[in-house]
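# Fold and contact review
Chain by chain, the residues run as shown.
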Amino acid sequence: KNCFKTSKLRPVCVLNEEMPKITSGLMKYFDKHKKLIFIWVLFFSLMMIFIYNMYFVKFSFGKSNTNEGNSSVQLDTNEDFEVCKGYINFNEANRRWFDCEKNGYNETVACSLPSKLRQAKREKIGSDGWKKIKGRVFLMSALGVDFNIEMLPHFLDHYISEGITNFLFLLHSKEEDSDNFKLMSKLLDELKTILDETNELYNTNDILVYHEWHGEFTTKKKADLRYKLQNKYLTVDDWVVHPDSDEFHRYNINLHSLIYYMESMDLDYALGINLDQIQREGKLMSVNPYDNILEKQFSLTCRFSLPKFGNKEQKMPIYKAHLRSTSGNHQIYWYETIKLCLKDLFTFNRFCIYPSSNQLYDIIDISHLKWTSDVFEKYNIRAREYKKLGYKWYITFVQENIKNLVINGI
């Protein structure tokens, strides 16, 4: 009764007196319109997922440029490339890399890979560091063989030297019967045979899987195939080392020590930064089959892509198997991660055991060997893809920047 005597308490008194009526009214309203409310909540949730998906996938390539410029994609290079003659060598895959039976070529990087894989297996079996890790550590990447096939043996050599002996690859070529595809698949088959032999010898379960992919290259198709590979072959305890085929991770400590530390600290992923690795004089050179690719061929490290082209530097080089990354592997792709988690509720694959996302504090340096002799043709292919998606700003970007780059060097 004294409640209404104090003016400051009057609103509280009214609320206290009317609360049962309010609660009863709300319950009656919810009960009467529960189907409509459920539909609206469901619609709003789906819209939020859709907007998130569109924002991070479709619009994550850069800001739109209102100046559309010329809509032509394929550039006329006949005259322009005369300036570069002498050090640019287009579309000449040095196939002798893979011809290890002939004398004179057995010291190439490609020919040394089988023995290095055997050595990596022996060292891994005797390493207490690798034994401490609960799951397997997979190298996962899309290997395109139409361009820059010369780099791929260096790429495999780099990660085998880090001790990785499990591999998930997308092997892409536009034509199914291309010479480059046959050469690369032959090399991967040889490595797979070595893994099978050493698995029997050491009682291990390492695998090398490559999915053949032919036809036009698109980033969406690449991402979809990658998610299927991950869903099929990975378990929740596994780790993914995920570079593009022109990215070379540079860890400050042994890879197994880094992953064991992340595992023991309940960390789920690490971020990295792409640092451009270029030829010391700034020329767009082809890769040769013998010399160390980082120390001798492309030995200059710099930050060139971000200030000149606005390319994204952030990458996600290492993460746990319950996470999925975006098509360009720049960050966690929560749409696919949550979709996998929801599916797990019905299939019991254990991917939802802990939907955590704790990040390693240290940033991993990544040597990005993009600036080789075929970079211009790669950009043309991507420009054709983006034209179909309506990204006309990218076509202008190719015409105005890449053309000048190839003519004048970096």
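Residues numbered from 1 in each chain as written. Predicted model: local features only at pLDDT ≥ 70, side-chain atom pairs only at ≥ 80, totals over all residues. Heavy atoms only, no water.

### Description of the overall build of the chain
Rule in force here: By the criteria applied, helices consist of DSSP H or I runs no shorter than four residues and strands consist of E runs no shorter than two, each listed in order from the N terminus. Burial here depends on accessible area, computed with a 1.4 Å probe over protein chains only, as a share of the maximum for the residue type. Under 20% is buried, over 50% is exposed, and the range in between is partly exposed. Note on areas: Shrake-Rupley with a 1.4 Å probe; residue coverage comes only from the protein chains shown.
Of the regular secondary structure elements, the chain holds 13 helices and 9 strands. Of all 410 residues assigned to the chain, the portion counted as buried reaches 46%. Accessible surface computed for the chain: about 22,500 Å², of which carbon and sulfur atoms make up 54%.

### Concerning the environment of Leu229
By secondary structure assignment, the location of Leu229 is in helix α7 (residues 219-233). Residues Leu229 and Val209, 20 residues apart in the sequence, show an inter-C-alpha distance of 8.9 Å.

### Overview of the pattern of salt bridges
We count it as follows: Think of a salt bridge as a Lys or Arg side-chain nitrogen and an Asp or Glu carboxyl oxygen that are within 4 Å of each other.
Scanning the model with the defined rule gives 9 salt bridges in all. Between Arg118 and Glu197 there is a salt bridge, with the nearest N and O atoms lying 3.1 Å from each other. Taken together, the residues Arg118 in helix α3 (residues 109-125) and Glu197 in helix α6 (residues 179-202) connect sequence positions 79 residues apart. For Glu197, a relative accessible area of 39% gives the class partly exposed. Taken together, the salt bridges that share partners define one network made up of Asp244, Glu247 and Lys315.

### Concerning the nonpolar core
The condition that has to hold: In plain words, nonpolar cores are sets of buried Ala, Val, Leu, Ile, Met, Phe, Trp, Tyr and Cys residues tied together by side-chain atoms within 4.5 Å.
Within the largest apolar cluster, 47 residues are counted, with the highest numbers of intra-cluster contacts made by Leu156, Phe167, Phe169, Met184, Leu188, Val241 and Ile318. With 7 residues, α6 is the largest single contributor of residues to this core. Counting 17 residues, the second largest nonpolar core, distinct from the first, contains Val240, Leu271, Tyr319 and Ala321.

### Re the packing of aromatic side chains
Working definition: an aromatic ring pair is given by the centre-to-centre distance plus the angle between the planes. Put simply, the test is: Working definition: a ring pair exists when centres of Phe, Tyr or Trp rings (six-membered ring for Trp) sit within 6.5 Å. Plane angles under 30 degrees give stacked, over 60 give edge-to-face, the rest tilted. Ring-over charges, as used throughout, are those where CZ of Arg or NZ of Lys falls within 6 Å of the ring centre and within 35 degrees of the ring normal.
Evaluated as defined, the whole model comprises 6 aromatic pairs. An angle of 35 degrees between the planes, with centres 5.4 Å apart, marks the rings of Trp213 and Phe217 as tilted. An aromatic cluster is built from Phe155, Tyr159 and Phe248, whose rings are joined through pairwise contacts. Sitting above the plane of the Tyr260 ring, Lys132 keeps its charged end 5.2 Å from the centroid.

### Notes on helix α5 (residues 152-161)
Judged by how many residues are buried, α5 sits mostly within the fold: 9 of 10 residues are covered. Along α5, the positions that sit buried rather than exposed are Leu152, Pro153, His154, Phe155, Leu156, Asp157, His158, Tyr159 and Ile160. Looking one or two residues past α5, Gly163 carries a phi angle of roughly 100 degrees, positive in sign.

### A look at the packing of α3 against α6
For clarity, the threshold we go by: Helix axes are fitted to C-alpha atoms over the stretch in contact, other axes to C-alpha atoms as well, and angles between N-to-C directions run from 0 to 180 degrees. To sort the angles, those under 35 degrees are grouped as roughly parallel, those over 145 as roughly antiparallel, those from 65 to 115 as roughly perpendicular, and the leftovers as oblique. We call a crossing left-handed when the near helix sits turned anticlockwise from the far one by less than a right angle, and right-handed when that turn is clockwise. Contact criterion: two residues are considered in contact whenever any of their non-hydrogen atoms come within 4.5 Å of each other. Side-chain classes are defined by residue name, with Ala, Val, Leu, Ile, Met, Phe, Trp, Tyr, Cys and Pro counting as nonpolar, Asp, Glu, Lys and Arg as charged, and the others, Gly among them, as polar.
Interhelical geometry of α3 versus α6 gives an angle of 25 degrees and a closest axis separation of 10 Å. Classified by the angle their axes make, α3 and α6 are roughly parallel. Seen from above, α3 lies across α6 with right-handed handedness. Residue-level contacts link Ala110, Leu113, Pro114, Leu117, Arg118, Lys121, Arg122 and Ile125 of α3 to Leu187, Glu190, Leu191, Ile194, Leu195, Glu197, Thr198, Asn199 and Tyr202 of α6. Within the contact of α3 with α6, the residues separate by chemical class into 10 nonpolar, 2 polar and 5 charged.

Purely geometric stuff here, so don't read any function into it on its own.
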